[in-house]
Each structure stands twice: as C-alpha cells, then as structure tokens.
Amino acid sequence: MVKITFITSDEEKIVLEGTTGSVMELAVEHNVKGIDGNCGGVCSCATCHVHVRPEDMLKTGAASEIETDMLELDDNADEYSRLCCQIEISDSIDGVVLKVAK
Amino acid sequence: MKSENEFICVVVGASHAGVNLAFSLRQEGWKGQIFLFDTDPELPYHRPPLSKTYLTDNNEVSTSPLKSKESYEREDIVLNLGMKVTAINSIEKSILLENGKQQHYDKLVLATGARPIIPPIKGLNTAKNVFSLRTAADVEEIRSVLKNQPNQKVVVIGGGYIGLEIAASLKKVGAEVTILEREERILGRITAPEMSTFFHDLHQENGVAVLTKKNVISITLNNDVVCDDGTVFPADVIIIGVGIHVNTELVKKAELVIENGIKVDPSTQTSNKDIYAIGDCTYHYNSHYKQYVRLESVQNAVDQAKIAAAAITGKEVVYDAIPWFWSDQYSVKLQIVGLSTGYDNIVVRTEEKEQPCFSIWYFKGNQLLAVDAINNAKAYVFGTKFIKSNQELNKTKLADTSMAFKPANFIQVELNN
C-alpha cells in the first residue's frame, strides 16, 4: 500500500492508500475536494492540479512538457505543480504530500 | 415544516452531469436524501473513452467508473441503475418508475442526456450489425462482432468527431474502415476547412477511406450501403454517427419549456422552480458568447452540475464557463476552446516540429471566438486565457512562427501618437 496525503484548500488533511492507477483516480474515488479529473486522465483539462511538497519532488518527478503547458491555465501554478492524473501510484511515491491547488 | 434532512433530491440520468451533481450537492452541504436513476445498468463511467480506448483495449471492456461504488455509499447517494423513469408529475412533485413505483422529490434534476439520431435510411432497421455509440453496451456489441475476425468491412456514416474517433479506433484493431460524409467536407459544421483537410488526410494516411458528398439512401439485403450517386459500399458492420437527439420525452409531460433542448436559466433552473436541468440535454445561455447554446461535452456536464448543486443549496450562481472539448485520434491530440460559430476570419499558426503541431484561431472581426489546437497544449491554454480576457490580438504576429509562442508577443498594444 502506498500512502498519499492530500491537503485541500480548506486545509483538510486526507490520507489515502492506493496500489495502482493514477493519483487523480485515487483522489476522485475518495471525493477529495478540488480534484475533478474531468477528462478521465488524458491531460486535457487541468482539473487535477496539485502542488507537490518541495521535498517530495524527487519522488514524483517534474511535470512533462504537455503537462507544463496545461498548467499554465492556472495562474497559481509554480515549479512544484503537477497534474496528478500524470502521477502513477507506485512504491516510489510512498509518503508524498500534495496540496490541492485552489 | 420539514427539517433539511428530510428533503429529497431526485436526479434522472447518472452520467457525468448527474453523478457530479450528486457529489457536488454533498460538498455544498445538502443534508437530505439523494436518489440517482439511470436506465444504464453499469456503474456510471467515463464516456469519452467509449469511442477511443474502450474500443481498442485488448482486455475485456473495462469502463472506468466516474466514482467507486464505495464512494456513493460513503456520501449516502442512492444509485438506482437499470431503472427507467417514465413520467414526472410536477404538481405532486413525484416521478413515476417503469415498475409502477413513485418517488417524491423536493428538487428534481434532469440530466437525461441525448441519444444517437438514427437517420431514415431505407433498409437500415433490417440491416445487420448496425450500431451507434453512446453506452458501454454499444461498445461491448461492436467489440463482440469484431472480436474473432477483426479485418471486417466497417462503414461509418457521418464524419463528425464521434465517427472519426470510432474509425480511428476500429482501424487500430484491424478493421477495413470507410467513412461516408454527406457534406463536402468532414467536420464541416464545426471547424474551418483547414481542420477538415488535416483530419481527412490523417485518416487517409492511416488507411481509412474518407469519402465526402456521400448521401446514404439505402442498405440492401446484402448489407451494402448505397449512396444517392449510385456508389455502393459492402459492409459487415455499419456505424451511425450523425448526431444526437436530446432526451426530452419525460419533460414534455412536465410541461417545461423546450427549445433545442430543455431551456434553463443561468442557474440551470428550468421553467419550473423545483426542476433543474444539466448537461447535454440543456439549452442554456452562454454569457460570454451572448447566445443560447446546446453543448455535447463533459465540461458542460460537470460545470453545470456544480452550478446546479450550488443553486439547489441556495447560493446565487451564474453559469459562465468557456466551453472546451477534446478528441484523440491515432496519436493526434485535438483540444478546442470556445465556440467558433459565427467566425468570419481565421489565423493558422504552424509550429516547426516533427509531429504535426498547429492551431487555428477563429475570429469574428477582431474578437477571438475559439481555438482548435493540434498537439499544441500551449495554443489551447493561451487561447483560453485570451478568450476569457477578451484580449485583442495582433494577428500578423500570431501567424508569424518566428515570434516565440508567448502571450506578450501577440497582445495588440495601442500606440500613442
């Protein structure tokens, strides 16, 4: 089980465990506020924006080119931004903390 | 007086709009009961992949659910699947189910969507292997026909996005695919000629025959598709992709106003104050484009669901989203923002890249209406921002690829004399 912590815009802390799929799917399944994943995970909508805790960036990796472009839709995007449909759940991301973008 | 826990919200239609409405209602603090009804027996699933990955997956069809079964239970949302609502009694405030039972509501939300148009083609109802695509069951049937013998002849009637996506997917699994479009070009109603040409060529290059000005008039007993110019196309499978009808039968009985869809105000309320409508079935006002529109999209379904949930829980809200869409065919990603209806000039910007990467900018005078972006998320994103801000652009610079793709380079600056 891989543990992922979400912090919503109302500062609610939600700890979830998953094994496969994307981080977005896990969040949507548990109704994490602010993560919609409207396009179903094909990097077309930018409705699953999270800020990765800086020290976890090595675990999640940085955003890809298309992801970076899509993130520009959101004025709050920064160097820690990711679209979490593009982060696959695996042991290597165990323990990451993601702040759901406003 | 009822306490707020006793209020009942009934939602007819449990797809993108209905399901998102139910969950948004909880997020907005609705304490009462929520009942979702849908005729589809499957746990509500993402629909855009129906014409894409669901058709091409090697495994059994596994639809990806919008929400897990547990999350409905957790949020106390009651799912009634495989159940048809047959009537609305808006005076008594109840719905009637196929099994004869009634369900009272305080608030009713119609998310009834649409169904494929089956054109009046002679012989179509007796032809074999005729499919349209709207549900997981449709995918299942198409797959089962092609399963053991993928290299069959598929004729797709209609060169819109759904037809093109199905063509690309079935080609990928090995079928011999022909697209028959009635108009002079595919995507004719919704894109500029340049975009039609691009997709026409893309399909041809991938081995799909695209034929235009083909008006299908009949299907013979041998399952041959016959056009009015005398051409004949033998078909093992016939796919119908010529558009949709809004499901308004229920509504007619409830005496709501219908105009090219169920008419709703900017808070998604219908002409009856206790009945809301969201998603594909609505005819709604778009405040950015200052016109009533009907949209077939996930974006509209989800965004209207959120507005309806807020309105039902007593907030003052106005739907003002800029529409967006996407389509994936072969390895090409198309992203669209805005509504190009009524455009009178375009700018085409082509980036120097190995794979096709360009964008079409639709203007009415100097107002940017919409952007179609091919493998170009940047254009889609900047287009979204420019449309939202009503920013006037310098079209010459926009078309000039020696100018780097940065918003500041395209914004028209008024020079002082």
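Structure report, in brief. By convention here, each chain's residues receive numbers from 1 onward along its written sequence. Throughout, the order in which chains and ligands are written sets their labels, letters from A for the former and numbers from 1 for the latter. Confidence filtering applies because this is a predicted model: local features only for residues at pLDDT of at least 70, side-chain atom pairs given and counted only at 80 or more, and all residues used for totals across whole chains, interfaces and linings. Excluded from the side-chain calculations are hydrogens and water; all other atoms, namely the structure's heavy atoms, are used.

**Focus: the pattern of salt bridges**
- Every case where a carboxyl oxygen of Asp or Glu lies within 4 Å of a side-chain nitrogen of Lys or Arg is listed as a salt bridge. A complete count under the given rule lists 22 salt bridges over all chains for this structure.
- Across the pair A:Glu55 and A:Arg53 runs a salt bridge whose closest N-O atoms are separated by 3.6 Å.
- Across the pair B:Arg349 and B:Glu351 runs a salt bridge whose closest N-O atoms are separated by 2.7 Å. For the pair formed by B:Arg349 and B:Glu351, the shared burial category is buried.
- Residues joined in a network through salt bridges with shared partners are B:Lys93, B:Lys107, B:Lys273 and B:Asp274. Classification of residues uses two cut-offs on accessible area relative to the type maximum, computed with a 1.4 Å probe and protein chains only: under 20% is buried, over 50% is exposed, and between them is partly exposed.

**Details of the interface of chain A and chain B**
- Of the residues lining the interface, 21 residues belong to chain A; the matching set on chain B comes to 25 residues.
- Accessible area that two parts lose when put together, with a 1.4 Å probe and added across both, is what the buried area reports. The junction of chain A with chain B conceals about 2000 Å² of combined surface from both sides, 51% of it contributed by carbon and sulfur atoms.
- Of all residues in chain A, A:Asn31, A:Asn38 and A:Leu73 bury the most surface against chain B, accounting for 29% of the area lost on that side.
- Where chain A meets chain B, there are four salt bridges.
- In this structure, B:Lys385 and A:Asp75 form a salt bridge, with 3.3 Å as the shortest nitrogen-oxygen distance.
- Pairs of N or O atoms within 3.5 Å make up the polar contacts considered here, provided that, within protein, one atom can donate a hydrogen while the other can accept it, and that residues adjacent in sequence are counted only when both atoms are side-chain atoms. Seen at the junction of chain A and chain B, the total is 11 residue pairs in polar contact (both at pLDDT 80 or more).
- Put simply, DSSP H or I for four residues or longer makes a helix, DSSP E for two residues or longer makes a strand, and each gets a number counted from the N terminus. Of all elements in the fold, only helix 1 (23-29) and helix 3 (65-71) of chain A reach the threshold of two or more residues within the side of chain A that touches chain B.
- Here the side of chain A that touches chain B takes four residues from helix 3 of chain A, the largest share from any one element.
- Across the side of chain A that touches chain B, the residue classes tally to eight nonpolar, six polar and seven charged. When checking whether two residues touch, look at their non-hydrogen atoms; a contact exists if any pair is within 4.5 Å. When residues are sorted by character, Ala, Val, Leu, Ile, Met, Phe, Trp, Tyr, Cys and Pro go into the nonpolar class, Asp, Glu, Lys and Arg into the charged class, and all the rest, Gly among them, into the polar class.

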